[in-house]
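Okay, here's what each chain looks like letter by letter:
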Amino acid sequence: MQLSVVILNYNVRYFLELCVLSVQNALDGIESEIIVVDNNSSDGSCAMMQQRFPSIKLIQNNDNLGFPKGNNLGVAQAKGKYICILNPDTVVAEDTFTKVMAFADRQINLGIVGVKLIDGTGNFLPESKRGVPTPFVAFTKMMGLYKIRPKFELFGRYYAQHVQENQTAKVDILVGAFMFMERELYLELAGFDENCFMYSDDIDLSYRALLKAKSNYYFHETTVIHYKGESTIRDGVYMKRFQEAMNFFYKKHFKVSAVFSIGMKIGIGFFSFIKMFEGKTISKKKPESFVFYSSNVDLVEKIAGVLQKKVRFHDLNSEKMVISSGVKDKASIEILLDNLFVTFKECIHFMESFKNKGVTFKILPKNTTFLIGSDNSNERGVVVKIE
């Protein structure tokens, strides 16, 4: 078997359905398997998987075992030469795995491969590529120095800013939303460290691959949506676990003085406090109009009735899959993409094309009755049922 995709889920039922659909498409023609591990969700995720995807291996845990242990359980049952650790709030393009696997096959001494990640509005996620968060590097991140002097190499290490967004290169640290590697390497590293519940586990695994003299890569030739905010609610629990995670990483890998440890603890507390409120002050401007890309005209009235707004129909039977003239140079527009007629790769392309233009997006996954998306990577996504 060439590839095993392991998806760890916790209470993101609709995003999981979207993710699995995209993964199924991307695995077409690849000898592969999907393993979904559920950490005791209470939102019907397992029932959905059993009904919609009965042939996919589903591991149901009786407790929330955390990110490391949940993924380790999935990989323990994987059979592929390669494994991909994938978040349930992601969408991959139809050629994502083909491209990444071809790249991995060409490398010598391969470590972990990460890809270009964007949020639900098409904006690049800088954590797609990172440097080792030594105490100094972490300090520059916590104090926001990388934003003040983004081209100053000394301050740009956290997000590996010496590597461009559209440049494939070796980097130190990848993000757990998408981590592609040989299963043998994962097992050699003993997987994610289960002493860490979440948040620094991907940093730790990437760093341990480097310690084995492996080369980690940021691969830009495929783009994956990571809704991000869906995975984490910014609350007091998040702040506590973030602090615990960073403390875990430093105690495990770095020797620092007592004075510096106190300073780091204060810095981590300040940073996690800011992260908890990040995005809360962003005002949500509701879309003024909607454009529905589809070949199913019968759905237009139904969607308009649910949204209580006029929805313009871009008929893919008669019009090409291009940027509509009704969308250009207009803000506060939401584009609705019918996945029955629009590929995931095309959805991703649209999002990247309209980033920073006040345009939002929702996807109608094929053979479903809901629209789904996210307008802010720091908050929960939106599911609109159109039954």
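I will try to describe carefully the structure that is included in this document. (Residues numbered from 1 in each chain as written. Predicted model: local features only at pLDDT ≥ 70, side-chain atom pairs only at ≥ 80, totals over all residues. Heavy atoms only, no water.)

### As for the nonpolar core
Note the following rule: Nonpolar core, defined: a set of buried Ala, Val, Leu, Ile, Met, Phe, Trp, Tyr and Cys residues in which side-chain atoms within 4.5 Å join the residues together. Residue exposure (1.4 Å probe, protein chains only): buried if accessible area is under 20% of the type maximum, exposed if over 50%, otherwise partly exposed. Helix and strand definitions here come from DSSP, where helices need a minimum of 4 consecutive H or I residues and strands a minimum of 2 consecutive E residues; each element is numbered from the N-terminal end. In this analysis, two residues are considered to be in contact whenever any of their non-hydrogen atoms come within 4.5 Å of each other.
Formed by 64 residues in total, the largest nonpolar core has its most connected members in Leu-3, Ile-7, Val-23, Phe-97, Phe-178 and Phe-180. The biggest single contributor to this core is helix H1 (residues 13–26), with 8 residues. Aside from chain neighbours lying at most four places away, what touches Val-23 is Val-5, Ile-7, Ile-34, Leu-86, Val-92 and Phe-97. The next biggest cluster of nonpolar side chains, apart from the first, holds 26 residues, and it includes Val-37, Phe-124, Met-179 and Tyr-218.

### Focus on the environment of Phe-248
With respect to the helices and strands, the residue Phe-248 is situated in helix H9 (residues 236–253). Judged by relative accessible area, which is 16%, Phe-248 ranks as buried. Put simply, Phe-248 and Asn-195 are 53 residues apart on the chain and 8.3 Å apart in space, counted from C-alpha to C-alpha.

### What to know about the pairing of strand S13 (residues 359–364)
Which entries qualify depends on this criterion: Whether two strands pair comes down to DSSP finding at least two bridges between them. For a crossover, the right-handed case is the one in which the path from the first strand over the helix to the second runs clockwise, viewed with the strands pointing away from the viewer.
Where burial is concerned, most of S13 is hidden: 6 out of the 6 residues are buried. Burial along S13 is two-sided: Val-359, Phe-361 and Ile-363 facing one way and Thr-360, Lys-362 and Leu-364 facing the other are all buried. In terms of strand pairing, strand S12 (residues 333–338) meets S13 through 6 bridges, oriented parallel. Within S13, the position partnered with Ile-333 by the bridge is Val-359. Running through helix H12 (residues 344–353), the crossover from S12 to the neighbouring parallel element S13 is right-handed.

### Regarding the packing of aromatic side chains
The condition is simple: Any Phe, Tyr or Trp ring, taking Trp's six-membered ring, that has another such ring centre within 6.5 Å forms a pair; planes under 30 degrees apart are called stacked, those over 60 apart edge-to-face, and the others tilted.
Under the criterion given, the structure shown has 14 aromatic pairs. An angle of 40 degrees between the planes, with centres 6.3 Å apart, marks the rings of Phe-292 and Phe-313 as tilted. Of this pair, Phe-292 sits in strand S10 (residues 289–294) while Phe-313 is found in strand S11 (residues 311–315), placing the two residues 21 residues apart along the sequence. Looking at Phe-313, the relative accessible area reads 19%, which means it is buried. Look at Tyr-293 and Phe-350: their rings are 5.1 Å apart centre to centre, the planes differ by 80 degrees, and that puts the pair in the edge-to-face class. Of this pair, Tyr-293 sits in strand S10 while Phe-350 sits in helix H12, placing them 57 residues apart in sequence. You'll find Tyr-293 and Phe-350 in the same group, each marked buried.

### Digging into the side chain of Thr-96
The following threshold applies: We call two N or O atoms a polar contact when they sit within 3.5 Å, provided that within protein one can donate a hydrogen and the other can accept it, with sequence-adjacent residues counted only if both atoms are side-chain atoms.
By the secondary structure assignment, Thr-96 is in helix H4 (residues 96–106). A relative accessible area of 0% places Thr-96 in the buried class. There is a polar contact of 2.8 Å between the side chain of Thr-96 and the side chain of Thr-222. Those residues within four positions of Thr-96 in sequence are excluded, and the remaining contacts are Phe-178, Thr-222, Thr-223 and Val-224.

### Looking at the pattern of salt bridges
Close approach of charged atoms allows side chains with opposite charge to pair. Spelled out, the test is: What makes a salt bridge here is a side-chain nitrogen of Lys or Arg within 4 Å of a carboxyl oxygen of Asp or Glu, nothing more.
Taken as a whole and assessed by the stated rule, the structure comprises 13 salt bridges. For Arg-13, the salt bridge is made with Glu-17, and the minimal N-O distance between the two is 2.5 Å. Taken together, the residues Arg-13 and Glu-17, both in helix H1 and 4 residues apart, mark about one turn of the helix. We classify Arg-13 as buried; its relative accessible area is 18%. When its relative accessible area of 5% is taken as the criterion, Glu-17 is described as buried. A salt bridge links Asp-105 to Lys-81, with the nearest nitrogen and oxygen atoms 3.8 Å apart. Of this pair, Asp-105 sits in helix H4 while Lys-81 is found in the loop between helix H3 (67–76) and strand S4 (82–86), placing the two residues 24 residues apart along the sequence. Overlapping salt bridges bring together Lys-116, Glu-165, Glu-352 and Lys-355 as one network.

### A few points about unusual backbone geometry
You will see that Asn-11, though not glycine, has its phi angle at about 60 degrees, which is positive. In this model, Ala-190 sits at a positive phi of 65 degrees, which is unusual for a non-glycine residue. Structurally, the position occupied by Ala-190 is in the loop between helix H7 (183–188) and helix H8 (201–211).

### Side note on the pairing of strand S6 (residues 110–118)
Along S6, 9 of the 9 residues are buried, which leaves the element largely enclosed by surrounding structure. Of the strand pairs in this sheet, S6 and strand S9 (residues 215–226) are connected by 7 bridges, and their pairing is parallel. The partner of Val-115 across the bridge, within S9, is Phe-219.

### With respect to the packing of H1 against helix H2 (residues 45–52)
Quick reminder of the rule: To get an axis, fit a line to the C-alpha atoms, keeping to the stretch in contact for a helix; angles then go from 0 to 180 degrees between the N-to-C directions. The sense of a crossing depends on the near helix, which, turned anticlockwise from the far helix by less than a right angle, makes the crossing left-handed and, turned clockwise, makes it right-handed. Any residue that is not Ala, Val, Leu, Ile, Met, Phe, Trp, Tyr, Cys, Pro, Asp, Glu, Lys or Arg is counted as polar, Gly included; the first ten are nonpolar and the last four charged.
H2 packs onto H1 with a crossing angle of 35 degrees between their chain directions and a minimal axis gap of 9 Å. By crossing handedness, the relation of H1 to H2 is classed as right-handed. Counting all contacts with H1, which are made through Arg-13, Leu-16, Glu-17, Val-20 and Leu-21, the residues of H2 involved are Ser-45, Met-48, Met-49 and Arg-52. Class assignment for the residues of the contact of H1 with H2 results in 5 nonpolar, 1 polar and 3 charged.

### Some points on H3
Most of H3 sits out of view: 7 of its 10 residues are buried. In this structure, the buried residues of H3 make contact with strand S1 (3–9), strand S2 (32–38), strand S3 (57–60), S4, H7 and H8.

### Concerning H2
Quick note on the threshold: The reported arc concerns the directions from the helix axis to the C-beta atoms and nothing else.
If you check which residues of H2 are buried, you get Ser-45, Cys-46, Met-48 and Met-49. Summarising the axial view, the buried residues of H2 lie within an arc of 160 degrees, below the 170-degree limit, and thus occupy one face. Tucked inside the fold, the buried residues of H2 contact S1, H1, S2 and S3.

Keep in mind these numbers describe shape, not what the thing actually does.
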